[in-house]
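# Observations on the three-dimensional arrangement
Single-letter residue listing:
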Amino acid sequence: MHEEMYSSSVNALNFWPMWCHFEDQNFFREVCHSAIVEHVCTPAQDAFMPGTDCQEVYIIQAGQMQYSAKPRTSSRVYETVREAVGDSTVLCLPVFWADWHHRGRLTSEDSTCYFVGIDAEKFCLAATRNGGPLWQFLQIFGILLVGHIEGLDEEETLVTDLSLPEEEYASLTERAELFAATVRRNTEISSSKMSVLNPLRTISRPNFSRGGTFRSSRSSLSLDEKKNEIVDCRV
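Residues numbered from 1 in each chain as written. Predicted model: local features only at pLDDT ≥ 70, side-chain atom pairs only at ≥ 80, totals over all residues. Heavy atoms only, no water.

## Some details on the overall build of the protein chain
- Looking only at helices and strands, one finds 7 helices and 10 strands in the protein chain.
- Within the protein chain, residue pairs in contact and separated by at least 24 positions form 80% of the contacts whose partners lie at least 6 positions apart.
- Per element, the accessible surface of the protein chain, about 12000 Å² overall, is 49% carbon and sulfur. (Helix = DSSP H or I, 4+ residues; strand = E, 2+ residues; numbered from the N terminus. Contact = heavy atoms within 4.5 Å. Areas by Shrake-Rupley, 256 points an atom, 1.4 Å probe, with all protein chains shown as cover.)

Here it is in structure tokens:
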């Protein structure tokens, strides 16, 4: 029942590798059963406000909402974002991997709107329980995404709660899959041979615990130490 209700929302997260839908059905089942929170916004009601703590990734199911964001006062960027968002729009994706505070305001317009949230803690717990290649992919993808957003912030590009362009997600997904595949190949090498190509060989049990700062707080990896290795990965 929960899978039928929420699987389309989970699939709206546009970073999934194709193979995971066949190999990791238990993970998706657990997310649908335990991590989904339903939300309703009446006309003109705010779903969230700038600066407030975020705990969920949001996917709009029905209705039209308005998202707006302004640059920080210290920023040299003067552009303001104002965008209508509707069915299957994903917001606040980085909260799966990092502490996140809302960058803008999401408001229902003239009608009642329905959207779901995927609880970040429960999503991370499901990924940890599932383990395997999907956990590895999610961890690497998160490092790349956090690094990309940090780069935009450093360039003083206006970063919002809205999703990145599809082509940017596609690039991050491809790089994460490439690196994860390289790691998996090297872990199959005999334990008597130390693989110099496996930068994750010292990582132990997955740890998606929440806490710390924006910098890789949901990952057991150190972003500063591992980001360049991922970016420079070659087959």
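Alright, that's what it looks like, and here's the rest.
## Notes on the side chain of Q136
- When you line up the elements, Q136 lands in helix α5 (residues 132–154).
- The class for Q136 is buried, based on a relative accessible area of 12%. (Buried < 20%, exposed > 50% of the residue type's maximum accessible area, 1.4 Å probe, protein only.)

## Comments concerning the packing of helix α3 (residues 25–34) against helix α4 (residues 120–130)
- Relative orientation of the contacting elements α3 and α4 amounts to 155 degrees, with a least axis distance of 9 Å. Considering the angle they form, α3 stands roughly antiparallel to α4. Between α3 and α4 the crossing geometry is right-handed. Each of F27, E30, V31 and S34 in α3 lies in contact with α4, whose residues at this interface are K122, F123, A126, A127, R129 and N130. (Axes fitted to C-alpha atoms, helices over the stretch in contact; angles between N-to-C directions. Parallel < 35°, antiparallel > 145°, perpendicular 65-115°, else oblique. Left-handed = near helix turned anticlockwise from the far one by under 90°.)

## Notes on the sheet that holds strand β7 (residues 90–91)
- One open sheet accounts for 4 strands, arranged β1-β10-β4-β7; its pairing is antiparallel. Of all the strands in the sheet, just β1 (36–41) and β7 have a single pairing partner and so form its edges.
- Where strand β4 (residues 56–62) lies against β7, 2 bridges are found, and the strand directions are antiparallel. When the sheet's bridge partners are listed, I59 is paired in β7 with V90. (Pairing = 2+ DSSP bridges.)

## Considerations on the confidence of the model for the protein chain
- Scored by pLDDT, the protein chain comes out at a mean of 82, with 76% of its residues at no less than 70.
- Predicted confidence in the protein chain is weakest over helix α7 (residues 223–231), with a mean pLDDT of 46, and strongest over β7, with 98.
- The model gives residues 194–235 a pLDDT under 50, and that stretch makes 99 contacts with residues more than four places away or in other chains. (pLDDT = per-residue confidence, 0-100.)

## Focus on the packing of aromatic side chains
- Here the structure, examined in full by the defined rule, presents 16 aromatic pairs.
- Measuring from ring centre to ring centre gives 5.5 Å for F27 and F123, while their planes differ by 80 degrees; the resulting arrangement is edge-to-face. You can see F27 sitting in helix α3 and its partner F123 sitting in helix α4, a full 96 residues away along the chain.
- For F27, a relative accessible area of 2% puts it in the buried group.
- A relative accessible area of 1% places F123 in the buried class.
- Each residue in the set F15, W16, F27, F28, F96, W97, F123, F137, F141 and Y169 is aromatic and connected to the rest through ring pairs, giving one cluster. (Phe/Tyr/Trp six-rings, centres within 6.5 Å; stacked < 30°, edge-to-face > 60°.)

## Some thoughts on the pattern of salt bridges
- Overall, the coordinates contain 3 salt bridges when judged by the stated rule.
- Between R129 and E30 there is a salt bridge, with the nearest N and O atoms lying 2.7 Å from each other. Note that R129 is positioned in helix α4 and E30 in helix α3, a separation of 99 residues in sequence.
- In this structure R129 comes out as exposed when scored by relative accessible area, which is 54%.
- Here D46 makes a salt bridge to R105, at a shortest N to O gap of 2.8 Å. Pair noted here: D46 is in strand β2 (residues 46–48) and R105 is in strand β9 (residues 105–108), with a separation of 59 residues, a long-range link. (Salt bridge = Lys/Arg side-chain N within 4 Å of Asp/Glu carboxyl O.)

## Brief notes about the sheet that holds strand β6 (residues 81–85)
- The strand order across the open sheet formed by 4 strands is β2-β9-β5-β6, and the pairing between neighbours is antiparallel. The sheet is open, and its two borders are formed by β2 and β6, each paired with just one other strand. Put simply, the sheet's adjacent strands are angled 25 degrees from each other on average, direction ignored.

## A word on the nonpolar core
- Counting 63 residues, the largest nonpolar core has L13, W16, F27, I118 and L138 as the members making the most contacts within it.
- Per-element accounting of this core gives the leading share, 10 residues, to α5.
- Among residues more than four places away in sequence, those in contact with W16 are V10, N11, H21, F27, F28, F123, L134 and L138. (Core = buried A, V, L, I, M, F, W, Y, C linked by side-chain atoms within 4.5 Å.)

## Some details on the side chain of E56
- With respect to the element layout, E56 can be found in strand β4.
- Apart from the residues lying within four places of it in its own chain, the contact partners of E56 are V37, H39, C92, V95, G117, I118, D119 and A120.

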